[in-house]
Amino acid sequence: MRAWPSPDIPTLSVAGPAVTLHDTASRGPVTTSPEGSARLYVCGITPYDATHLGHAATYVAFDLLNRAWRSAGHDVVYVQNVTDVDDPLLERAAKVKVDWVELAERETELFRQDMTALRVLPPAHYVGAVESIPLVIDLIGRLDELGAIYRVEDDLYYSVSADPAFGAESGWTRERMLEIYPERGGDPERPGKKDPLDCVVWRGRREGEPSWESPWGPGRPGWHVECTAIAQEHLGGAFDVQGGGSDLVFPHHEMCAGHAQVAVPGTPFAQVYSHGGMVGYDGEKMSKSRGNLVFVSALRNSDVDPMAIRLALMRHHYRADWEWVDEELWTAVDDLARWRRALALGAGAPAAPVVEEVLTALADDLDAPRALAAVDSWVDATLGTDGLADTSDPDAAVQLLGVIDAALGLLV
Ligand code: 5CA
Ligand code: ZN
């Protein structure tokens, strides 16, 4: 699939430190140490509706990781999928009486435009589920040979018991898994399953649904096996970071890790499992199924500066759960105007310590609020909010503009 165009990234004269991230599996910080290129997989959208601010927060978070690695001198191989065939997409297409392919293409294109406007660096490989069906079939075949697959009527299931490390990614108890599973696409009650937590890898053809041929009969891929197959194909084993929102901790990333570790024994799926918090609105998680959404494209259409959207999102630490409040957008618009006033002066307060603080904060578990606070302080000092403007550094603006663009992704 086609990704979106890349913004230019200015080269910085100083390198950022090694990047540390909170790892869901080990429940603590891990300093990433990519060998050669850093390898990143971030779960993409299910394109049945427009990009909302929750999605945007997640993609901006991993964009900060991508940029922090680049600042530290690494090349990054970034892979993202598009779940362009799955239950929620087919259900929405049927409900609004649109062809499912058309709906997926339309919403994927809108996502590309939103990501471009937010200056999110594109993945090197942007890969759809449909175009990956041969990879999925190969992976299921391998799992089947290893005895990890069984049939229930026309569907194929993966046995969670095949993976001795099942549960290690999320760290959840079985009780909690069983409670949450049905809310996230699981079917624990289905008769004929060996374990209620087993997941579908191939869903046999149903009336009115699209299907593809396979050695097990016509059908379509399950969700988790899609991401496993795409990540393994484009990144290999034990890639650096698997990312997504915290609603993917279980079952999605647990199952992906399991499929991969069973298919290639002894090789973990990813080295770090990184998860962003959930953005809420009106008291609940922002989600397509609840309908409490603020769309990036709607804000853009009402002439909001996308850089203000990006700034408002980055004011929150990526791992925090938080509520979108419209006023924060107007604060971001005002902040950007102040930043622009200070940067237009050319000279300003000393820039080198600010550049260092921004890079250090971002390398420390993507601490964007701390990085932004450093820029705010520079702006205050430069404009002289205490009546004492500091313009002692003649090249300050050029240096600041460079790090704000390269590391924070803001064009100001
Ligand atoms: N296609 C699958 C992943 S393979 C999927 O979860 N698609 S999605 O469209 O539902 O979500 C896309 C990304 O946005 C996921 O990483 C998800 O965790 C994240 N996300 C969804 N809702 C929110 C929210 N309210 N706040 C933060 N991130 C969210
Ligand atoms: Zn995924």
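Look up a bit, the structure's there.
Quantities reported herein were computed from a predicted structural model and do not represent experimental measurements.

## Notes on the overall build of the protein chain
Then, in step 1: What the protein chain contains, in helices and strands, is 13 helices and 14 strands.
Then, in step 2: The C-alpha radius of gyration computed for the protein chain amounts to 22 Å, which stays within 12% of the reference 22 Å derived for 412 residues, consistent with globular compactness.
Then, in step 3: The buried share of the protein chain, reckoned over its 412 residues, is 56%.
Then, in step 4: When contacts within the protein chain are restricted to residue pairs at least 6 apart in sequence, those whose partners lie at least 24 apart make up 78%.

## Comments concerning helix 12 (residues 368-383)
Then, in step 1: In this model helix 12 runs 22 Å from its N-terminal to its C-terminal C-alpha over 16 residues, within 8% of the 22 Å that 1.5 Å per residue would give.
Then, in step 2: For helix 12, the complete set of buried residues consists of Ala368, Ala371, Leu372, Ala374, Val375, Trp378, Val379 and Thr382. Down the axis of helix 12, the buried set is contained in an arc of 150°. They therefore lie on one face.
Then, in step 3: Residues of helix 12 that are buried in the fold lie against helix 1 (53-71), helix 9 (306-314), helix 10 (326-343), helix 11 (352-363) and helix 13 (396-406).
Then, in step 4: Two or three places before Arg370, at the opening of helix 12, Asp367 has a side-chain oxygen 3.2 Å from that residue's backbone nitrogen.
Then, in step 5: Gly384 sits one or two residues past helix 12 and shows a positive phi near 75°.

## Here's the deal with the pattern of salt bridges
Then, in step 1: What the rule picks out here adds up to 25 salt bridges.
Then, in step 2: Where Arg92 meets Asp49, a salt bridge forms, and the shortest distance between an N and an O atom there is 3.3 Å. You can see Arg92 sitting in helix 2 (residues 87-95) and its partner Asp49 sitting in the loop between strand 3 (38-42) and helix 1, a full 43 residues away along the chain.
Then, in step 3: Owing to a relative accessible area of 16%, Asp49 belongs among the buried residues under this scheme.
Then, in step 4: With a shortest N-O distance of 3.7 Å, Arg106 and Glu107 are connected by a salt bridge.
Then, in step 5: Using a relative accessible area of 47% as the deciding quantity, one classes Arg106 as partly exposed.
Then, in step 6: Take Glu107: its relative accessible area is 8%, and that puts it in the buried class.

## Regarding the environment of Gly237
Then, in step 1: Here Gly237 is to be found in the loop between helix 6 (223-235) and strand 10 (239-245).
Then, in step 2: Considering only alpha carbons, one finds Gly237 and Gln261, 24 residues apart in sequence, at a separation of 8.9 Å.
Then, in step 3: Beyond its immediate sequence surroundings of up to four residues, Gly237 is in contact with Arg39, Thr267, Pro268 and Phe269.

## Looking at the coordination of the zinc ion (ligand 2)
Then, in step 1: Protein coordination at the zinc ion (ligand 2): the donors are Cys43 (SG), Cys227 (SG) and His252 (NE2), at 2.1 to 2.2 Å from the metal.
Then, in step 2: Given four donor atoms and angles of 102 to 118° at the metal, the environment of the zinc ion (ligand 2) is assigned as tetrahedral.
Then, in step 3: All donors to the zinc ion (ligand 2) come from one chain, and their sequence spacing reads C-x183-C-x24-H. With Cys227 in helix 6 and His252 in helix 7 (residues 249-263), the pair connects residues that are 25 residues apart, well separated along the chain. Residue Cys227 shares its accessibility class with His252, and that shared class is buried.

Cut-offs applied
- Residues numbered from 1 in each chain as written.
- Chains lettered and ligands numbered in written order.
- Predicted model: local features only at pLDDT ≥ 70, side-chain atom pairs only at ≥ 80, totals over all residues.
- Heavy atoms only, no water.
- Helix = DSSP H or I, 4+ residues; strand = E, 2+ residues; numbered from the N terminus.
- Rg over C-alpha atoms; globule rule 2.2 N^0.38 Å.
- Buried < 20%, exposed > 50% of the residue type's maximum accessible area, 1.4 Å probe, protein only.
- Contact = heavy atoms within 4.5 Å.
- Expected span 1.5 Å × (residues − 1).
- Arc of directions from axis to C-beta.
- Polar contact = N/O pair within 3.5 Å; in protein donor to acceptor, adjacent residues only side chain to side chain.
- Salt bridge = Lys/Arg side-chain N within 4 Å of Asp/Glu carboxyl O.
- Donors = N, O, S within 2.8 Å, 3.2 Å for Na, K, Ca; no water.
- Tetrahedral: all angles 85-135°; square planar, octahedral: opposite > 155°, others 65-115°.

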